[in-house]
Amino acid sequence: MGSLDLIQSIEDDPLLDTQHLPHHSLHAHFRPRFHPLPTVIIANLLLLIHIVFVILAFLTGVLCSYPNPIEDKCPGNYTNPLKVQTVIILGKVILWILHFLLERYIQYHHSKVRNRGYNKIYRSTRHLKSLPLMIHSTGSTALLLLLCLQHSFPEPSALYLDLILATLAVELVCSLTCLLVYTVKIRKFNKTKPQPDVLEEEKIYAYPSSITSETGFRTLSSLEEIVEKQGDIIVYLKRHNALLSQRLLTFTSSDLSSQPSGI
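What you see is a predicted model; the values in this text were computed from it and never measured.

The next subject is the packing of aromatic side chains. This structure, assessed with the given rule, holds four aromatic pairs. Judged by centre distance (6.0 Å) and plane angle (90°), the ring pair of Phe34 and Tyr118 falls under edge-to-face. Placement of Phe34 in the loop between helix H2 (23-30) and helix H3 (39-65) and of Tyr118 in the loop between helix H4 (84-115) and helix H5 (119-124) is noted, with a sequence separation of 84 residues between them. The same class applies to Phe34 and to Tyr118, which are both buried. Pairing Tyr118 with Phe189 gives two aromatic rings, centres 5.3 Å apart and planes at 85°, and the pair type is edge-to-face. You can see Tyr118 sitting in the loop between H4 and H5 and its partner Phe189 sitting in helix H7 (residues 157-192), a full 71 residues away along the chain. When its relative accessible area of 7% is taken as the criterion, Phe189 is described as buried. Through a chain of ring-to-ring contacts, three or more aromatic side chains come together here, namely Phe34, Tyr118 and Phe189.

The following block contains the structure:
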């Protein structure tokens, strides 16, 4: 008797008497769109600027300082009134500022990706995002130490130039390695266009395989990592449910208004 009353109440409900929404339309409207990370182009551009800077620093040091280390000026006075080492240090400061802006730019876009539910790519590039800036900060500290030593012991002037160029070369190799690894990861992420991590794990549950889900507890995961993953998933689901509720309300109201009203 209770089931008959339930069926009767459903049939009498005017909101449920409307035409069912098409499945393909709902799927196209509510499926989360993939937004690629736009950080690869900026990272590659800054990497190119870094390579050009180091090449120019080596050419300037070899052509201008090595013929006469005491004079430390280019034959054509290209750097006049600044010395060659001063120009190199100023270029290094500008490069550090550019890397600082790149780090802020990358952090901003990765935070947006994390809010969209892509926590795996956020965690896998956590250290890569800030490592180039740390490398440049370490190189700047080494250059500052060399300048202090040169100010106190100015005798081996050619040696200081060698150390400055060697520092720039090591810095370039380390930064190049980090940015290349980061670029490969992000390009692979943009190419595969995955769905948010929660939806990807739903596929794993729907089609079981040897791959284990990262949402649950695993023996190899630390407690801090598990809590962080669960927290990221909860935040994403709350944001996603609120967005779906808003879209569903808008989509349903527009569909109801487009239907002819009965007399």
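Turning to the pattern of salt bridges, a few remarks are in order. All chains considered together, the criterion is met by two salt bridges. In this structure, the salt-bridge partner of Glu171 is Lys92, at a minimum N-O distance of 3.2 Å. Here Glu171 is found in helix H7, whereas its partner Lys92 is found in helix H4, with 79 residues between them in sequence. Just as Glu171 is buried, Lys92 falls in that class too. Arg104 is paired through a salt bridge with Glu103; the nearest N and O atoms lie 2.9 Å apart. Its relative accessible area of 45% is what places Arg104 among the partly exposed residues. Residue class for Glu103 comes out buried when judged on its relative accessible area of 7%.

Calculation rules
Residues numbered from 1 in each chain as written. Predicted model: local features only at pLDDT ≥ 70, side-chain atom pairs only at ≥ 80, totals over all residues. Heavy atoms only, no water. Phe/Tyr/Trp six-rings, centres within 6.5 Å; stacked < 30°, edge-to-face > 60°. Helix = DSSP H or I, 4+ residues; strand = E, 2+ residues; numbered from the N terminus. Buried < 20%, exposed > 50% of the residue type's maximum accessible area, 1.4 Å probe, protein only. Salt bridge = Lys/Arg side-chain N within 4 Å of Asp/Glu carboxyl O.

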